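An overview of the molecular structure
Residue-level listing of the chains:
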Amino acid sequence: MREITVAQAINEALAEEMALNPEVYVFGEDIGDFGGCFGVTAGLKKKFPDRVMDTPISETGIMGLAAGGAYMGLKMVPEIMFSDFIGVAMDYLLNQVSKSRYMGGMLPKGDVCGLVLRVPNGAGLTAAAQHSQCTEALLMNIPGLKIAIPSTPHDYKGMLKYAIRGSDPVVFFEHKMLYGVKGPVPDEDYVVPFCSADVKREGNDVTVIATQMMVHKSLAAAEKLAKEGISVEVVDPRSLKPLDSDTIISSVKKTGRVVLVSEAPVFGNALAEVGLQIAERAMHDLKAAPLRVCGPNRPIPFTPVLEKQWIVSEEDIINGIKKVLE
Amino acid sequence: MKVSNDDLIKLYGNMWLIRMFEQRAADLFAKGALPGFIHLGIGQEAFMAGTHYSIKPGDSVGTSHREHGLLLLLGITPDALMAELYGKVTGSNKGKGGSMHACLPENGALGCNGILGSAQTIINGYGFAHKVRNTGNIAVTIFGDGAANRGDVHEGMNLASVMNLPVVFIIVDNGYGISMSSKNSSVVTDLSARAAGYGMPGVTADGNDVLAVIEATSEAFKRAREGGGPSVVEFKTYRHRGHFEGDPTPYRSKEELEMWMKKDPILRLEKILLDRSVINEKQMKDIKAEQMAIVDAAQKFAEESPYPEGSEGYGDVFYEYEGRD
Ligand SMILES: Cc1ncc(C[n+]2csc(CCOP(=O)(O)OP(=O)(O)O)c2C)c(N)n1
Ligand SMILES: [Mg+2]
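Only a predicted model underlies this, so the values are computations on that prediction, with no experimental measurement involved.

**Details of the site of ligand 1**
Residues and elements named next belong to chain B.
- Taken together, 15 residues sit near ligand 1, with His65, Arg66, Gly146, Ala147 and Tyr176 positioned nearest.
- For ligand 1, an oxygen atom lies 2.8 Å from a polar atom in the backbone of alanine 147.
- Protein contacts shield 73% of the accessible area of ligand 1, which totals 590 Å² for the unbound molecule.
- Of the residues contributing to the shell around ligand 1, the split by class is five nonpolar, seven polar and three charged.

Structure below.
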């Protein structure tokens, strides 16, 4: 199978869905001729000059445009340049698109709210504390919002296409350090549904539940541990909301041990919800207490030495796995 | 803008419908029959009826929290609106929205946004849809002197202008945002002046004169329909009631209220109707009786309607994976 990068996978997903549906609109800051800060939308404006739109620096304006258009049945795919900036437009996630169908407000009844907000996530570019965060946990407590958090080119493409064809508001987190990562992606049309956690590697001794960049680091850790005779299963939830807890629970029941790996700060981390669901549903299958290997509860420092120390490493994951096996 | 005698009579009936509906809501709220809190538009009927006058089928109209009245004119039945205020399942939103979120999007009655300022960016999405679909329709957003100070409003106005969207921003300066006088929340006397900052036209009109309202809105709506882009229309008016029912209004004087009561928009239209001999006192009485009967029926309908089943509280969240967390 051909191999492409995450950035290419996203670009293809956008182009294909725009070609399929003349009411898909992609817009945001510097995403047109400039191709986006990370080059993800490169060439898209040439293909769809009227439907790829550069906006002023107006995060609330962008989200309002997206919400209203989606309520009218258009497929709105805005980008906010960094996931750190969602705070600026938080109202639209917290009170608008997530509530409109329920309250019966704004949204034509029984109709759709096709809105997919793309946001680059994560540390690794020495961009300091306001351009490096993983902000998915902020959105966990908002009923009515879907959260995609994929890790491979295959999943990025399939989930983005699925989200654009869907009818609910989605926040689609793209990890910046994954944009250049390659992986197999089929030529033919396919989608990856939400609520379908994926076992990225099978194993018997311990379950690692990891998201985005940490899926790759966990897989590398598992590879090393295999040489020491430790068999690690790596599960990628792929969507945090809705969450496929069944796949997670059956893995944990099989291995009896679990490590939760996320780049975001440990306190109130999105995976804490996963941990508690495991406690509720598989407590008696556990041979050891669940362990979190997550980012420190501190802002992300600028200088490369400190940033490197801040980000969860392969070694941290290996140590965590060994700890739950003790 | 010439308004026919028949239309003047319709406007008069509409304004009475609004006043009587609102007065009934006030009475019911005082009796404890209505849950939550409600904001009433008594005293502001002229701007609602006059704005509605130039709305066409297919237009999208977002109201503020004080515009039950405009929702009625846009087609939410008095029965469905009253039932919604009661929290009954027969309400416009099955009792899940209430006073603030009652709406009928199919009719372009988008309802109010509980978060002041957000509707003024969202309206651009409606305007954008009308533009790219070539519907010839417009999107209108109505908000107060208080909401006008939110940052989102400015992003919304700028974006509407940059994208040349068929959007009209209607600012209703009724003197206060809760207790904050509009004189103290902006140093600009006419908030329509802000339009200039976004390169669009802005006018201020007497919001208690239904004919002046029609003049201002019809021009702005026409411009938007013809591809001339967004604009701002501001109305000066006054709310006779407190911010919400139960507000003791310590921030305003009796004299001020009395001064505005003399400018009551319904009395002013009555004077026009009598001066022009459009209708006589007897016909006026009949019109009032007609509207009163509608409101009586709405109250009865709402009172006799059931509350939603418990299961209703869990639905309408996701379109796909409904019921999943
Ligand atoms: C973002 C936000 N801030 C504050 C409020 C609380 N609030 C509701 S109505 C209101 C006053 C609004 O005044 P104005 O916009 O002039 O409208 P009016 O009530 O006079 O019709 C306030 C402060 C809110 N709903 N949303
Ligand atoms: Mg006000």
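**Concerning the interface of chain A and chain B**
- Of the residues lining the interface, 52 residues belong to chain A; the matching set on chain B comes to 43 residues.
- Of the roughly 3800 Å² buried between chain A and chain B, counting both surfaces, carbon and sulfur atoms make up 60%.
- In this structure, the connection of chain A to chain B is made through two salt bridges.
- The closest approach of N and O atoms between glutamate 320 of chain B and lysine 146 of chain A, which form a salt bridge, is 3.6 Å.
- Connecting chain A to chain B are 17 residue pairs in polar contact (both at pLDDT 80 or more).
- Only helix 3 (59-71), helix 4 (90-96), helix 5 (100-103) and strand 12 (239-241) of chain A provide two or more residues apiece to the side of chain A that touches chain B.
- Sorting elements by how many residues they give to the side of chain A that touches chain B places helix 3 of chain A first, with 10 residues.
- Here the side of chain A that touches chain B is built from residues that sort into 26 nonpolar, 16 polar and 10 charged.

**As for the domain arrangement of chain A**
All names here are of chain A.
- Domain boundaries assigned for chain A yield domain 1 (3-184) and domain 2 (198-325).
- Look at where the C-alpha atoms of domain 1 and domain 2 centre, and you get two points 26 Å apart.
- Counting from both sides, the interface comprises 35 residues of domain 1 and, opposite them, 27 residues of domain 2.
- Area buried by domain 1 at its contact with domain 2 is led by Thr126, Met140 and Ile149, which between them contribute 27% of it.
- As a salt-bridge pair, aspartate 155 and lysine 200 come within 2.5 Å of each other at their nearest N and O atoms.
- Linking domain 1 to domain 2 there are 18 residue pairs in polar contact (both at pLDDT 80 or more).
- Of all the secondary-structure elements, those providing two or more residues to the side of domain 1 that touches domain 2 are strand 6 (146-148), helix 6 (153-165) and strand 7 (169-175).

**What about the pattern of salt bridges?**
Residue and element names in this part refer to chain A.
- Tallied over the full model, the rule gives 45 salt bridges over all chains.
- The residue aspartate 168 makes a salt bridge to arginine 101 at a minimum N-O spacing of 2.7 Å. Of this pair, aspartate 168 sits in the loop between helix 6 and strand 7 while arginine 101 sits in helix 5, placing them 67 residues apart in sequence.
- Judged by relative accessible area, which is 13%, arginine 101 ranks as buried.

**Focus on the side chain of glutamine 291 of chain B**
Residues and elements named next belong to chain B.
- Looking at the element boundaries, glutamine 291 is found in helix 11 (residues 281-304).
- For glutamine 291, a relative accessible area of 9% puts it in the buried group.
- Discounting residues that sit within four places of it in the chain, glutamine 291 has contacts with Gly13, Trp16, Leu17 and Met20.

**Structural notes on the pairing of strand 14 (residues 291-295) of chain A**
Residue and element names in this part refer to chain A.
- Strand 14 sits mainly inside the fold: four of its five residues count as buried.
- Of the pairings in the sheet, the one linking strand 13 (residues 258-265) to strand 14 comprises five bridges and is parallel in character. Paired with serine 262 across the two strands is cysteine 294, which belongs to strand 14.
- A crossover links strand 13 with its parallel partner strand 14, the connecting element being helix 9 (residues 270-282), and its sense is right-handed.

Thresholds, definitions, all that
Residues numbered from 1 in each chain as written. Chains lettered and ligands numbered in written order. Predicted model: local features only at pLDDT ≥ 70, side-chain atom pairs only at ≥ 80, totals over all residues. Heavy atoms only, no water. Near = heavy atom within 4 Å. Polar contact = N/O pair within 3.5 Å; in protein donor to acceptor, adjacent residues only side chain to side chain. Areas by Shrake-Rupley, 256 points an atom, 1.4 Å probe, with all protein chains shown as cover. Nonpolar A, V, L, I, M, F, W, Y, C, P; charged D, E, K, R; others polar. Contact = heavy atoms within 4.5 Å. Buried area = accessible area lost by both parts, 1.4 Å probe. Salt bridge = Lys/Arg side-chain N within 4 Å of Asp/Glu carboxyl O. Helix = DSSP H or I, 4+ residues; strand = E, 2+ residues; numbered from the N terminus. Domains from an automatic or database assignment. Buried < 20%, exposed > 50% of the residue type's maximum accessible area, 1.4 Å probe, protein only. Pairing = 2+ DSSP bridges. Right-handed = clockwise from strand over helix to strand, strands pointing away.

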